[in-house]
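Breakdown of the fold
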Amino acid sequence: VRWMMYWIVFALFMATETITDLLISWFSFYYEIKMAFVIWLLSPYTGGATLLYRKFVHPTLSRKEKEIDARIVQAREHGYEMMVRFSKRAFNMAATAAVQAAAKSQGTLAGRLRSFSMQDLRSIPDEA
């Protein structure tokens, strides 16, 4: 459970840090403070990730649980619809490509067969 809390807090930190890094990276000792913060999160002696998770993350998730569940159901339904739509489109494109390839090959094959007339076959010496 401790590692789950750490990774959730660390993921939130990385998401916010990606945005705020552009604004505050010019502060003195920014990278040293950031490294100390990550060590504080990771250390089992300080329990930083556990503290932040229990004080901020868990209460927020608990308050918004119904909204999160509704969004997950909505994403699942929307994802299924998108998968069906893209699958149909992919199958249609593959069928069209197969028909076009077959039509082109048929013309090529017929042209090659026409080039082998009886005259061409008589000009080949017998090996017998």
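In this text, all values refer to a predicted model and were calculated from it rather than measured experimentally.

Our focus in this paragraph is the confidence of the model for the chain. Per-residue confidence for the chain averages 85 on the pLDDT scale, and 82% of its residues sit at or above 70. Across the chain, the element-wise mean pLDDT spans from 58 in helix α5 (residues 118-122) up to 95 in helix α3 (residues 48-63).

Turning our attention to the nonpolar core. Met5, Tyr6, Val9, Phe10, Phe13, Leu41, Ala49, Leu52, Tyr53 and Val57 together form the largest nonpolar core, which totals 10 residues. Of all the secondary-structure elements, those providing two or more residues to this core are α1 (2-24) and α3. At 5 residues, the largest contribution of residues to this core is made by α1. With sequence-adjacent residues up to four places away left out, methionine 5 is seen in contact with Ala49, Thr50, Tyr53 and Arg54.

Under the criterion given, the structure shown has 9 aromatic pairs. Among the aromatic residues, those joined into a ring-pair cluster are Trp3, Tyr6, Trp7, Phe10, Phe13, Phe37 and Trp40.

Here we come to the environment of alanine 49. Mapped onto the elements of the fold, alanine 49 is located in helix α3. Here the alpha-carbon distance between alanine 49 and isoleucine 39, two residues 10 residues apart in the chain, equals 9.9 Å. Every residue in contact with alanine 49, bar those within four places of it in the chain, is listed here: Met5, Tyr6, Val9 and Leu41.

In most cases, non-glycine residues show a negative phi, while peptide bonds are predominantly trans. In this structure, phenylalanine 29 takes a positive phi of about 60° despite not being glycine. Of note, phenylalanine 29 is situated in the loop between α1 and α2 (30-42).

Over its 16 residues, α3 runs 22 Å from end to end, which matches the ideal 22 Å to within 8%, given 1.5 Å per residue. If you look at α3, its biggest bend is around 45°, right at arginine 54. Considered for burial, the residues of α3 that qualify are Gly48, Ala49, Thr50, Leu52, Tyr53 and Val57. On the buried face of α3, the contacting elements are α1 and α2.

Definitions and cut-offs
- Residue positions are given per chain, counted from 1 along the sequence in the order it is written.
- Confidence filtering applies because this is a predicted model: local features only for residues at pLDDT of at least 70, side-chain atom pairs given and counted only at 80 or more, and all residues used for totals across whole chains, interfaces and linings.
- Processing note: side-chain calculations cover all non-hydrogen atoms of the structure and skip hydrogens and water entirely.
- Every residue is assigned a pLDDT by the predictor, reflecting its confidence on a scale from 0 to 100.
- Only DSSP runs of H or I with at least four residues qualify as helices, and only runs of E with at least two residues qualify as strands; both kinds are numbered from the N terminus onward.
- To define a nonpolar core, start from buried Ala, Val, Leu, Ile, Met, Phe, Trp, Tyr and Cys residues and group those joined through side-chain atoms within 4.5 Å.
- Relative accessibility under 20% of the residue-type maximum defines a buried residue, over 50% an exposed one, and the middle range a partly exposed one, all with a 1.4 Å probe and only protein chains included.
- Two residues qualify as a contact provided that any one of their heavy atoms is within 4.5 Å of a heavy atom in the partner residue.
- Only the six-membered ring of Trp is used, alongside the rings of Phe and Tyr, when aromatic pairs are assigned; centres must lie within 6.5 Å, and planes under 30 degrees apart are stacked while those over 60 apart are edge-to-face, with the rest tilted.
- Here, expected helix span is obtained from the residue count minus one, scaled by 1.5 Å.
- Consider a residue and the seven residues that end there alongside the seven that start there; fitting an axis to each set, the bend is the angle between those axes.

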